[in-house]
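The primary structure of each chain is shown beneath.
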Amino acid sequence: QVQLVESGGGLVQAGGSLRLSCAASRSIFNFNAMGWYRQAPGKQRELVATITSGGSPNYADPVKGRFTISRDANRNMLYLQMNSLKPEDTAVYYCNGYRFGSDYWGQGTQVTVSS
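Residues numbered from 1 in each chain as written. Predicted model: local features only at pLDDT ≥ 70, side-chain atom pairs only at ≥ 80, totals over all residues. Heavy atoms only, no water.

### Considering the state of the cysteines
Here a disulfide denotes a covalent bond joining the sulfur atom of one cysteine to the sulfur atom of another.
In step 1: Applying the stated criterion across every chain yields a total of one disulfide.
In step 2: Disulfide partner of Cys22: Cys95, at an S-S distance of 2.0 Å. Linking Cys22 and Cys95, the disulfide has an S-S dihedral of approximately -80° and is accordingly described as left-handed. Remark: Cys95 occurs in strand 9 (residues 91-99) and Cys22 occurs in strand 3 (residues 18-24); sequence separation between them is 73 residues. The pair formed by Cys22 and Cys95 is uniform in burial state, with each residue classed as buried. (Disulfide = S-S within 2.5 Å. Helix = DSSP H or I, 4+ residues; strand = E, 2+ residues; numbered from the N terminus. Buried < 20%, exposed > 50% of the residue type's maximum accessible area, 1.4 Å probe, protein only.)

### Some points on the nonpolar core
In step 1: One finds Trp36, Leu80, Met82 and Tyr93 to be the most contacted residues of the largest nonpolar core, which totals 27 residues.
In step 2: Counting residues per element, the ones that place at least two in this core are strand 3, strand 4 (33-39), strand 5 (46-52), strand 7 (67-72), strand 8 (77-82), strand 9 and strand 11 (109-114). (Core = buried A, V, L, I, M, F, W, Y, C linked by side-chain atoms within 4.5 Å.)

### Things to note about unusual backbone geometry
Of all residues except glycine, most have a negative phi; of all peptide bonds, most are trans.
In step 1: Phi at Asn76 is positive, roughly 55°, even though this residue is not glycine.
In step 2: On the secondary structure map, Asn76 appears in the loop between strand 7 and strand 8.
In step 3: Backbone geometry at Ser84 places phi at a positive 50°, although glycine is not the residue there.
In step 4: Residue position: Ser84 is located in the loop between strand 8 and strand 9.
In step 5: Its relative accessible area of 41% is what places Ser84 among the partly exposed residues.

### Description of the side chain of Ser21
In step 1: Following the sequence through the fold, Ser21 ends up in strand 3.
In step 2: Sequence-distant contacts of Ser21, defined by excluding residues within four places in its chain, comprise Val5, Glu6, Ser7, Trp36, Met77, Leu78 and Tyr79. (Contact = heavy atoms within 4.5 Å.)

### Thoughts on the pairing of strand 9
In step 1: As paired strands, strand 4 and strand 9 are joined by seven bridges and run antiparallel to one another. Residue Gly35 lies in a different strand from strand 9, and its bridge partner there is Asn96.
In step 2: Pairing of strand 9 with strand 11, which is carried by three bridges, proceeds in the antiparallel orientation. Residue pairing across strands places Ala91 opposite Val111, the latter belonging to strand 11. (Pairing = 2+ DSSP bridges.)

The structure is reproduced here in structure tokens:
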């Protein structure tokens, strides 16, 4: 079965940058789409960004212009470049893969942005 493992989270000051990575145990072309979601304490999990197998990206309004989703299919990797980070970006970030009605999730990586 497919495994997704996130890395790259940490503590950063407001205005700083982080790059999250998601390693897939199988080809990312097995997924119809992949994406990043985040969940803050006491909040519902929310969409951050998605990308189709064809490379078309989509972003949630709060991160447009600041975050960039990308992939490297040859390495089975998904990335999220996060710039101009704000304290409200603080959350656990999850890698997601979608295939024929099924969702696959990583364990998450913590991102904390201080003031």
